[in-house]
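Take a look at the letters that make up each chain.
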Amino acid sequence: MSSSFILLCLIFSISLSITTAEVQAQAQAQARKAGKSFRARALVLPVTKDPSTNQYITTIFQRTPLKPVKLTLDVGGKALWVACDRAEYNSSTYRPALCNSPQCKLAKSKSCGDCWDGPRPGCNNNTCSNVVYNTVDRSGQIGDLGTDVIALRSTDGSNPGPIVRVPNLLFSCGSLFLGENLANGVKGIAGFGRTETSLPSLLSPALGIDKKFAICLSSSKGVAFLGDAPYTLLPNVVISSRLVYTPLIINPVSTVHPIIKEFPDKSWPSMEYFIGVNSVKVNGQIVPLSPDLLKIGSKGNGGTKISTTSPYTVLHTSIYNAITKAFTKAISKVPRVGPVAPFGTCYKASSLGSTRLGPAVPSIELVLGNNVTWTIFGANSMVAVNNSEVLCLGFVDGGKKPRTSIVIGGHQIEDNLLEFDVGKSRVGFSSTLLGRQTTCANFNFTSRA
Ligand SMILES: *[C@@H]1O[C@H](CO)[C@@H](O)[C@H](O)[C@H]1NC(C)=O
Ligand SMILES: *[C@@H]1O[C@H](CO)[C@@H](O)[C@H](O)[C@H]1NC(C)=O
Ligand SMILES: *[C@@H]1O[C@H](CO)[C@@H](O)[C@H](O)[C@H]1NC(C)=O
Ligand SMILES: *[C@@H]1O[C@H](CO)[C@@H](O)[C@H](O)[C@H]1NC(C)=O
Ligand SMILES: *[C@@H]1O[C@H](CO)[C@@H](O)[C@H](O)[C@H]1NC(C)=O
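Let me begin by describing the structure that accompanies this report. (Residues numbered from 1 in each chain as written. Chains lettered and ligands numbered in written order. Predicted model: local features only at pLDDT ≥ 70, side-chain atom pairs only at ≥ 80, totals over all residues. Heavy atoms only, no water.)

**Side note on the state of the cysteines**
Applying the stated rule across the entire model yields six disulfides. Paired through a disulfide, Cys115 and Cys123 show a sulfur-sulfur distance of 1.8 Å. Across the disulfide from Cys115 to Cys123, rotation about the S-S bond amounts to roughly -95°, and the bridge is consequently left-handed. Taking the relative accessible area as the measure of exposure, Cys115 reaches 24% and is therefore partly exposed. Here Cys216 is linked by a disulfide to Cys440, with a sulfur-sulfur distance of 2.0 Å. Because the torsion about its S-S bond is -75°, the bridge between Cys216 and Cys440 counts as left-handed. Of the two residues, Cys216 sits in strand E11 (residues 212-216) while Cys440 sits in the segment after strand E32 (426-429), which places them 224 residues apart along the sequence. (Disulfide = S-S within 2.5 Å. Buried < 20%, exposed > 50% of the residue type's maximum accessible area, 1.4 Å probe, protein only. Helix = DSSP H or I, 4+ residues; strand = E, 2+ residues; numbered from the N terminus.)

**Overview of the pattern of salt bridges**
For the structure shown, the criterion picks out 12 salt bridges. Ionic pairing is found between Asp228 and Arg41, a salt bridge with its closest N-O pair at 3.3 Å. Taken as a pair, Asp228 in the loop between strand E12 (221-227) and strand E13 (232-233) and Arg41 in the loop between helix H2 (20-34) and strand E1 (42-49) lie far apart in primary sequence, 187 residues in all. For Asp228, the salt bridge identified is with Lys212, shortest N-O distance 3.0 Å. Here Asp228, found in the loop between E12 and E13, pairs with Lys212, found in strand E11; they are 16 residues apart in sequence, far enough to count as distant. (Salt bridge = Lys/Arg side-chain N within 4 Å of Asp/Glu carboxyl O.)

**Focus on the nonpolar core**
Ranked by size, the top nonpolar core spans 81 residues in total, and within it Leu43, Leu203, Ile215, Phe327, Ile364, Trp374 and Phe420 carry the most contacts. Sorting elements by how many residues they give to this core places strand E9 (residues 160-174) first, with six residues. Both domain 1 (7-228) and domain 2 (241-432) contribute no fewer than three residues apiece to this core. Dropping the residues within four chain positions of it, Trp374 is found in contact with Ile364, Glu365, Leu366, Leu368, Ile408, Gln412, Ile413, Asn416, Leu418, Phe429 and Ser431. Within the second largest apolar cluster, 18 residues are counted, among which are Val44, Cys216, Leu243 and Phe445. (Core = buried A, V, L, I, M, F, W, Y, C linked by side-chain atoms within 4.5 Å. Domains from an automatic or database assignment. Contact = heavy atoms within 4.5 Å.)

**With respect to the sheet that holds strand E17 (residues 277-282)**
Spatial strand order, E18-E17-E25-E26: four strands in an open sheet with antiparallel pairing. Of all the strands in the sheet, just strand E18 (285-286) and strand E26 (372-376) have a single pairing partner and so form its edges. Pairing geometry for strand E25 (residues 364-368) and E26, over five bridges, is antiparallel. Bridge pairing in E26 places Leu368 opposite Val372. Along the sheet, helix H6 (residues 317-330) makes contact with E17 and E25, crossing E17 at roughly 25°. (Pairing = 2+ DSSP bridges. Axes fitted to C-alpha atoms, helices over the stretch in contact; angles between N-to-C directions.)

Now the structure itself:
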């Protein structure tokens, strides 16, 4: 380990709850002192949950001068987009992606044009554009492509390290209007999906880090990692060595809401991460399900995906009914109470016992490709409602014709670490960390001294 690395660690040994000025000063100091001598292996992002929208929120630093930008995390999202409205976006290092530039090709942009209201970020002549998606409320618009500086924290897997500054990172310009249903203070979406322009795809070659990422969501403050790191949570629990893996599946047909039909996005393969659910068990008993719904059909319908923009798991009606029936049967002795929307199966909290892994309810197992089992215990299956007096089975009926049969949502993946390894075409998962005496809120965000 070089002495300059140790020096850097000393220079940047401060907590993540830092001000913008500090980040700027550090980024500049690092650019001056370190040059290219520091090579990050991985990056770390804080991920909080917004209680009023159930969105998972992260913060990156972007622009010159650097500014913190709050973004909704979408693991299946196409790219980074931020609001470029005149009053919102001001940066001396913004550059439009000029027509026919490599950036336009990377984004598969097929449109190019002028803008009369500029020049300013998001409005320039001879600039290519693409569809910008708000995957939370399924809206979209056409927005310019551009590049700017972003800055993120490196990590050794246990603590944050020096700030890493990436110049000319490609992103899309959206607007405050497009993001009006995002959580308060959020100015765009951080897309981690299977595209050439998602944040992991752009940061991997830019920094020479592995093309993979991990998310560890929490109902309070979770964490995401980009690149290769020994994901370590307090008290010194190394999660990366204890993951089990299931193959990633490519859905050959786009699953994004077709907002602007003429645009080519809908002819791409899905940007979202699909895995194979081969069967579901409740309390160890196989639940009868139609195999056709579990498979991805020729039009891209069916199958199972992981979503951070869906707060709860959403199931095809017949899967929902079958799982609910098996679940209620397994605890038929406990009296049910009335449904609390959007949930149908609810119990008085006081009539269910509690365990280290949450309310004492039948376990729900997903038997996945590669014959590995993801077991969902009470903490992830039950949702507290009505001031925690009522606990409901946290699955939502997605109707008889959903695009995807099983959408595994936020509540079911909290306190589970999920690693999306596109290079090795697999998803690693930890199953509940509560069984390992830790949680996703246990990353040590204090920099090492
Ligand atoms: C953008 O920032 C520059 C320098 O900080 C400032 O001079 C300029 O007035 C700002 N422009 C807008 C539109 O806020
Ligand atoms: C953009 O192009 C239009 C004509 O297409 C021109 O009138 C305008 O001055 C140009 N704006 C800039 C900033 O170059
Ligand atoms: C939950 O609260 C709502 C509104 O306060 C009430 O109408 C409903 O009956 C409650 N449900 C249960 C199951 O207690
Ligand atoms: C899958 O795993 C289970 C238990 O781990 C085992 O009982 C079963 O035989 C396996 N099935 C196949 C097809 O390998
Ligand atoms: C978090 O990391 C810092 C820096 O290494 C260390 O001083 C601190 O003791 C750690 N916190 C806990 C709770 O271990």
